[in-house]
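Each chain, written out:
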Amino acid sequence: MSRNAAPPADRRPWWALIGPAVAAIVGLFLITAAYGTEHFSAPGVGSGLVPPMTRDLGMSYHAFSAAVTVAYVVAAVVLLPAGLLLGGRFPTAVVVPAIGAMIVGDLLTAFAQGTGMITVGRVLCGAGAGAAVGATAALVLRLRNGRGVAAAAIAAAGCLVLVVGPFVDQAMAESLSWRWTFLIAEPPLLAALAAGAIAGIMLLLRRRPAQARPYQPPYAPPYRPPYPPQGPPPGA
């Protein structure tokens, strides 16, 4: 057994990883999903990205970076160690509140009308994403088998959503609104919340010890008293 592997009695089944893994992948998507792909270029000014929400909310690029990116990443970095340390031993206690914070934060961002509301939403969402990523890593280390395959699959999905996030945001901004980029993250987050809660219930039931029988026979089969008889003779 490797030094980082969990002891056999403390390993987790594969289905305990579904909720936190989906939340972690959505959390990675939300890092880059706010940027879009539209560029500007002006003589003497240079060029750069024009995130769709900056035009709608009248935000400068510096305000956007602080409220949307820095707040999210800092909150995720702060909560990631907690998820890594506690997510393996107490997955439900970490994963369910983390996904709940992501759901609330993502909705605040989607319906934000100013920088303050976006900042609060991104802090909540980033904190939940950091805890979910840490819990996912902890649970991968505690899987009974297939740790390498699970880690590779989650890492590949995470890299993919980081790349496609800006394109999704730009497509949503041009067809509907940039707000739909965050609203489409709600269904997988709700599914992850349900998966995490169900996994927690199943883990709790698996830990519950078997109850003793209400009646135990006084003698082992074939239920005959020991010979010679023990105790005082009849009538004494």
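Parameters at a glance
- Residues numbered from 1 in each chain as written.
- Predicted model: local features only at pLDDT ≥ 70, side-chain atom pairs only at ≥ 80, totals over all residues.
- Heavy atoms only, no water.
- Phe/Tyr/Trp six-rings, centres within 6.5 Å; stacked < 30°, edge-to-face > 60°.
- Helix = DSSP H or I, 4+ residues; strand = E, 2+ residues; numbered from the N terminus.
- Axes fitted to C-alpha atoms, helices over the stretch in contact; angles between N-to-C directions.
- Parallel < 35°, antiparallel > 145°, perpendicular 65-115°, else oblique.
- Contact = heavy atoms within 4.5 Å.
- Nonpolar A, V, L, I, M, F, W, Y, C, P; charged D, E, K, R; others polar.
- Left-handed = near helix turned anticlockwise from the far one by under 90°.
- Expected span 1.5 Å × (residues − 1).
- Bend = angle between axes of the 7 residues up to and from the residue.
- Buried < 20%, exposed > 50% of the residue type's maximum accessible area, 1.4 Å probe, protein only.
- Core = buried A, V, L, I, M, F, W, Y, C linked by side-chain atoms within 4.5 Å.
- Lys, Arg positive; Asp, Glu negative; His and termini not counted.
- Salt bridge = Lys/Arg side-chain N within 4 Å of Asp/Glu carboxyl O.
- pLDDT = per-residue confidence, 0-100.

Draft legend 1. Focus on the packing of aromatic side chains. Tallied over the entire structure, the rule returns three aromatic pairs. Pairing Tyr61 with Phe64 gives two aromatic rings, centres 6.0 Å apart and planes at 35°, and the pair type is tilted. Here the residue Tyr61 and the residue Phe64 both occupy positions in helix H3 (residues 61-86), the gap between them amounting to three residues, near one helical turn. What links up through ring pairs into an aromatic cluster is the set Tyr35, Tyr61 and Phe64.

Draft legend 2. Region of interest: the packing of helix H5 (residues 115-141) against helix H6 (residues 147-175). Contact geometry of H5 with H6 gives a least axis separation of 9 Å together with a crossing angle of 155°. It follows that H5 is roughly antiparallel to H6 by the angle criterion. Listed contacts from H6 to Thr136, Val140 and Leu141 of H5 are Arg147, Ala151 and Ile154. Taken together, the residues that form the contact of H5 with H6 break down as four nonpolar, one polar and one charged.

Draft legend 3. Examining the packing of helix H1 (residues 18-32) against H6 more closely. The geometry of H1 relative to H6 is characterised by a closest axis approach of 7 Å and an angle of 35° between their N-to-C directions. For the pair H1 and H6, the crossing hand works out as right-handed. Between H1 and H6, the contacting residues are Ala21, Ile25, Leu28, Phe29, Ile31 and Thr32 on the first element and Ile154, Ala157, Gly158, Val161, Leu162, Gly165, Pro166 and Val168 on the second. Classifying every residue of the contact of H1 with H6 gives 11 nonpolar, three polar and no charged.

Draft legend 4. Spotlight on H3. Look at H3: 37 Å from first C-alpha to last across 26 residues, which is about the 38 Å you get at 1.5 Å a residue. Along H3, the largest kink reaches about 35° and is centred on Val70. Buried within H3 are the following residues: Phe64, Ser65, Ala67, Val68, Thr69, Ala71, Tyr72, Ala75, Ala76 and Gly83. Check the buried side of H3 and you find it contacts H1, helix H2 (52-57), helix H4 (91-110) and H5.

Draft legend 5. Layout of the nonpolar core. Membership of the largest hydrophobic core comes to 34 residues, with the highest contact counts inside it found for Leu30, Met53, Phe64, Ile118 and Phe182. Put simply, the parts of the chain that give this core at least two residues each are H1, H2, H3, H4, H5 and helix H8 (186-207). With seven residues, the single largest contributor to this core is H4. Contact partners of Ile118, with chain neighbours within four places excluded, come to Met53, Leu57, Met59, Ala67, Val68, Thr109 and Ala112. Leu17, Ala21, Val140 and Ile154 belong to the second largest nonpolar core, which has seven residues in total.

Draft legend 6. The arrangement of H4 in detail. For H4, which comprises 20 residues, the first-to-last C-alpha distance of 28 Å matches the rise-based estimate of 28 Å (1.5 Å per residue) to within 8%. Three or more residues of H4 are buried, namely Pro91, Val94, Val95, Ala98, Ile99, Met102, Ile103, Gly105, Asp106, Thr109 and Ala110.

Draft legend 7. How the structure looks around the environment of Val164. The topology assignment puts Val164 in helix H6. Accessibility expressed as a relative area gives 31% for Val164, which makes it partly exposed. Here the alpha-carbon distance between Val164 and Thr32, two residues 132 residues apart in the chain, equals 8.3 Å.

Draft legend 8. Inspection of the side chain of Glu186 at higher detail. By secondary structure assignment, the location of Glu186 is in helix H8. In this structure Glu186 is buried but unpaired, with Arg122 as the nearest side chain of opposite charge at 10 Å.

Draft legend 9. Fine view of the pattern of salt bridges. Throughout the structure, instances matching the rule amount to one salt bridge. The salt bridge involving Asp56 is made with Arg179; its shortest N-O contact spans 3.5 Å. Of the two residues, Asp56 sits in helix H2 while Arg179 sits in helix H7 (residues 179-183), which places them 123 residues apart along the sequence. Overall, Asp56 belongs to the partly exposed group, its relative accessible area being 44%.

Draft legend 10. Molecular detail of the confidence of the model for the protein chain. Confidence in the prediction of the protein chain, expressed as mean pLDDT, is 83, and 78% of residues score 70 or more. Low pLDDT, under 50, characterises residues 1-9; the stretch is placed with 10 contacts to residues that sit more than four places away or in other chains. Note that pLDDT drops below 50 for residues 41-47; the model gives that stretch five contacts with residues more than four away or on any other chain.

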